[in-house]
Structures are given as structure tokens and as C-alpha cells.
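Structural overview for review
Here's the letter readout for the chains.
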Amino acid sequence: MPGITREEVAHLARLARLELTDEELDHFAGQLDDIIGAVARVSEVAAEDVPPTSHPLPLTNVMRADEVRPGLTAQQALSGAPAQEQQRFKVPQILGEE
Amino acid sequence: MTVTELVPYEEALAAFDPVMGLEVHVELGTKTKMFCGCATTPGAEPNSQTCPTCLGLPGSLPVVNEIGVESAIRIGLALRCEIAEWCRFARKNYFYPDMPKNFQTSQYDEPIAYDGHLDVQLEDGEVFRVGIERAHMEEDTGKSTHIGGAAGRIHGASHSLIDYNRAGIPLIEIVTKPIVGAGARAPEVARAYVAELRELIRSLGVSEARMELGQLRCDVNLSLRPHGRETFGTRSETKNVNSLRSVERAVRFEIQRHAGVLSDGGTVVQETRHFHEENGTTTSGRVKEEAEDYRYFPEPDLVPLAPAREWVEKLRAELPELPLARRNRLREEWGISAHEMQSALNAGAVDLIVATVEAGADAAAARKWWLGELARRANERGVELAGLPIAPAQVARVAALVAEGSLNDKLARQVIDGVLEGEGEPDEVVEKRGLRIVSDEGALGAAVDEAIAANQAVADKVRGGKVAAAGALVGAVMKATRGQADAARARELILERLGVSGG
Ligand SMILES: [Zn+2]
């Protein structure tokens, strides 16, 4: 039942903006299928009484007070930006020619 | 691209039954962002309110803002929702430059509030109940500036600039159940719903909910089905409809457009559409399908929320009087009709009138100024009433000056002008502009005598019993005193001088 098809890997790659060659698709589809198969074995061990969880610690309600903490200066924030303009992050054209 | 013929509104409604879904995003007024301690001060320098968490830098971890959660619960309770005993955040994955993490931290199938309703009152007093599907917590995106395209549009832009100050500010998304049965009143129901929701949000004090500042934004989903059919038609989703008037117009336009497509034997495309304020139309945005694949999964960096029942009940007990109930009470106190109250609500004036009355004005005067002169000024400036640079206490002072006879309405409007122009308090404006009414008998008497001397023919008519003709003399007095005379007293003096008793 578990597993992942080559088409699904191609779809995910497109959503993740990864350009994969046909050879890479074949390669990754096989690898990912193995990984998913391995992880799926957890379900075989976990019985009905073990609820699915998204966090390793049995914690709830971890919250902070609504108080301002110092963050980064604009210069620090932009220091890793490949390009900037007007104290803003400069990004390539969002909509291509259509 | 084919252009669809719009079907006349009445014709569209004769053939089809509209079904709406409204999604409203409310930006909370918290001091800090939803998942980090960055400030949310409006108008700050670009990228001066960020940190590794809201920039999505590796190794950073989010922590939930307690007031963000509390606000979500209070909104849920005010909308008569159930509050989840246990719920989680989820990642909504998609790529867009205004979202540095490449996912939005949101909630998916476990919203904090669900299954409620909001009663909205229409112009004629009819109450329409809108079902609430859910209210969930999420975060805002950064702000993009598009460079190189026409009028700052994304189309044709060469590149874009991003300011991440807004990225991570808490949003509550409130989603209605399908709104059916509104028929021809669908546009009105949509508008009244957003207006009522805005009032509710403000009454809770969780946001100023000012639409022109993007603090409350509405997406309008609409579909049509032939009368008598149970299943819904294909819907369009019109994004970012950002004024009450636009909500109404967008619904109306989409009804006519869908009817055009369907009557022509066509099929409605499921897509997002953009609303154009300038002409009230919508145009096609991106077609859904691919964009829908958000690959939601539970956020592994945040632990679940399990709001304690005692906390929820405490918040419920502390809810303020809700807006519709409050308006009905105020309506009684002010002695006005449901329709008049609706006008005040639509103008965003209810709280301003209340504050003006609290500052000493009588209700009729407060209503008159906010819904008349000030509404006109707000309209001219393209801002909401609350955005005008005049405070309720200042309006109350103007009303008091009119009530005591120091100002007439014309002068009062000039005082309001002065306050709006930043010339100071009403009394200062009166002083600086020399706007006191001329009622001292000497100056007024002289003006009356001059008016009579200059208009002998009219004066004779009045002497002959045509009391109505005195109006022309009052006009002359007002003109001579540049509108600063006490018109009623001038009239008395004119009639006295001409030897007739007032009528
Ligand atoms: Zn931050």
C-alpha cells in the first residue's frame, strides 16, 4: 500500500521548484519508495492504542507573553540577501511572460 | 480570451440561486508577531521588524503568542463557535517571495474555533443568520512592491522588492458556511456580514479592523445553481475585496457574470479572480488546480494547543455586549429607526457617535455631524470615518458651541475644517479664524439697518404683511457678516424694525 510513484515524485519536484532529469527521477523515485516503505513499518508496530503524533514531547500550550523582543536590524536582516534595493529584498520577476 | 456578456441582475436572479462563501482575514492588533517577539508597529522602516524566525532562517524556532490564541478564542466565542479542546498548527506549503519560509504556518483540519453563526441585520431590519464554518489562526505575509510594470502592477514587472515587517503578524481567518437563501439580497447580505463582523472584531478590541489599511480583508466565493437544484455550481473566488461597497459590488458582478456564462451553455471555471475598484468588475487570476496542492502537515516545531475549559469559560464570561444587541439598545436610547441605525453602522459611525455622546453631545447632534458633514469629508479623502483626524470629544465640543448659540451650522463646518486641517482644538480654531457668531445687538443691529436701507422694496413688502419676504433681508445680513450672524436673532430684529410681529 505505501510507496511513491515516479509521477508523484515528478509532481512533488515541480511543486518544490526542483528541476530533475529523467535519470534523477528514476533514481529518486526508487530511493523515496524505499524510505517510505521503511517508515511505514512503524505503523505495523504501533497498535490501535498508539495515536499518531506530530511531536516527540507530550507537551501542550507552550506560549509566550505578547512582549516585544529585540530582533535584527534591517542591515542584519538584509545581510544574507543576494540582492537588495530600497532596504528591501530584491527578488526576480514573479510572473513570467504569459 | 472570450469576454462574457453580463446578464441583467434581475434576469440572473430569475434563473439562478446564488450561493456565497465569505473568507475574512483579520489582522490582530497584538504587540508582537504570532510566532516570534518582533514588533508589529505600523509604518516602520522596511525590514526593521524581523528576526531569524519570521525570516525563515535555518535553526530558528517559533513560539506561539498567547494573546494571539486568546484573541482567536474570543473571536470564536463571540461567533458562537465551539472551541477546540485540542488542536494543532499546520504547514501550508507553497512558494511565493513574500513568504520567506516557503510555507505559511496555519491550521488545517483542526481549527481552534468551529461551527458558529453571526446574525446580521439588513437595511430594512430583517435579521439574516450566517453560519460560521471555522475560525483559525495563521500568519500574514510580507509586503511586495513591484518594479517596472505599469502602476506598480505585478504584470509586466521586471523584479519585486519585499519588506518582511508584516510577515508573521497574526491573522485570524473566518470562513462562513455556504450562505444560501439570500436570493436577490445576496450582495446586501455579504456587505452586512462583513460590516457586522468588523463591528464584532472592534467590540472585542482585538483589532481596529480598518479595511483601508488591510486589517480586514475579504475573499468572496460565489456560485450559481438553477432554482430547485440541491448541488452547488462551480465557484469563483474573488480575492482581496477591501471595502464594504466593493464586497457588495463584487457579489453582484459575479452573479451577473456567472449567469452570463451559464445561460450561454458554458461552464464556470474554478479560479481566483481579481476585483477592480475603479469599475467594479473582476478579471481572471490564476486557475486553481495546481495551486491547491498545499501538502498540509502538522507543524513539527509547535506543540498542540489544548485550551483549558476554565480559561475558555472565563473568556466567554468576559465577552462584551455584542454589537447587534448593543445597537438595538442604542437605537432605543437614541430614538431612531432600524434603517437609521443601519446607515450609522454602514458608515462605521456607531462607536464614534457613542463616544461623542459620552463626551457630552446629545445623540441627534452627534449623529448629524458624523453622518453628514464628516461622512462627506471622509468620502472626499477616501478614508473611513474613524480615519479622519478629528476626535469624538472635538465633535462634541463643536456640537456644544452650536447648542449654546456661539456657532451656527455654517460656522461649525468651518471649525471642523480647521480641526481637520490640524489647526488645533475647536476653541482654538474659533479664536484663530474669528468664527464667533455675531449676536451682540450693536453689530447685528447695524447690519440689519444696512440691509433694510439697501433693500427698500423688500422692506416695504414685509411692512405690507409679506413676512416671508424677510428671508431676503436675513440673507443680506448673513452675507454682510460673512455668515457669522445669528440668523434667528437677525430675523427677529428685522421684523421688529419693520413693525411686524414674527410669523
Ligand atoms: Zn520575527
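Here goes a summary of the coordinates provided. (Residues numbered from 1 in each chain as written. Chains lettered and ligands numbered in written order. Predicted model: local features only at pLDDT ≥ 70, side-chain atom pairs only at ≥ 80, totals over all residues. Heavy atoms only, no water.)

Observations concerning the overall build of chain B
What chain B contains, in helices and strands, is 17 helices and 15 strands. Along the three orthogonal principal directions, the C-alpha set of chain B runs to about 90 × 55 × 50 Å. In chain B, buried positions account for 53% of the 503 residues. For chain B, the exposed surface amounts to about 21600 Å²; the carbon and sulfur share of it is 50%. Distance between charge centroids for chain B: 3 Å, based on 58 positive and 75 negative side chains. (Helix = DSSP H or I, 4+ residues; strand = E, 2+ residues; numbered from the N terminus. Buried < 20%, exposed > 50% of the residue type's maximum accessible area, 1.4 Å probe, protein only. Areas by Shrake-Rupley, 256 points an atom, 1.4 Å probe, with all protein chains shown as cover. Lys, Arg positive; Asp, Glu negative; His and termini not counted. Charge placed at Lys NZ, Arg CZ, Asp CG, Glu CD.)

Some remarks on the coordination of the zinc ion
All names here are of chain B. The protein atoms that coordinate the zinc ion are Cys-36 (SG), Cys-38 (SG), Cys-51 (SG) and Cys-54 (SG), at distances spanning 2.3 to 2.4 Å. Its 4 donor atoms give the zinc ion angles of 99 to 115° at the centre, a pattern that matches the tetrahedral case. Donor residues binding the zinc ion come from one chain and are separated in sequence as C-x1-C-x12-C-x2-C. Residue Cys-36 is located in the loop between strand 1 (16-27) and strand 2 (64-65), and its partner Cys-51 is located in the loop between strand 1 and strand 2; the two are separated by 15 residues in the primary sequence. The buried category is assigned to Cys-51, whose relative accessible area is 10%. (Donors = N, O, S within 2.8 Å, 3.2 Å for Na, K, Ca; no water. Tetrahedral: all angles 85-135°; square planar, octahedral: opposite > 155°, others 65-115°.)

Points about the packing of aromatic side chains
Working definition: an aromatic ring pair is given by the centre-to-centre distance plus the angle between the planes. Residues and elements named next belong to chain B. Inspection of the entire model under this criterion finds 5 aromatic pairs over all chains. Aromatic pair Phe-35 and Phe-89: ring centres 5.3 Å apart, planes at 85°, arrangement edge-to-face. In this pair, Phe-35 sits in the loop between strand 1 and strand 2 while Phe-89 sits in the loop between strand 3 (82-83) and strand 4 (90-93), placing the two residues 54 residues apart along the sequence. The exposure class assigned to Phe-35 is buried, which follows from its relative accessible area of 4%. A connected cluster of aromatic rings, assembled from ring pairs, spans Tyr-94, Tyr-108, Tyr-294 and Tyr-296. A cation sits over an aromatic face here: Arg-252 above Tyr-9, 4.1 Å from the ring centre. Above the plane of the ring of Trp-369 lies Lys-368, whose end atom (NZ or CZ) is 4.8 Å from the centre. (Phe/Tyr/Trp six-rings, centres within 6.5 Å; stacked < 30°, edge-to-face > 60°. Lys NZ or Arg CZ within 6 Å of the ring centre and 35° of its normal.)

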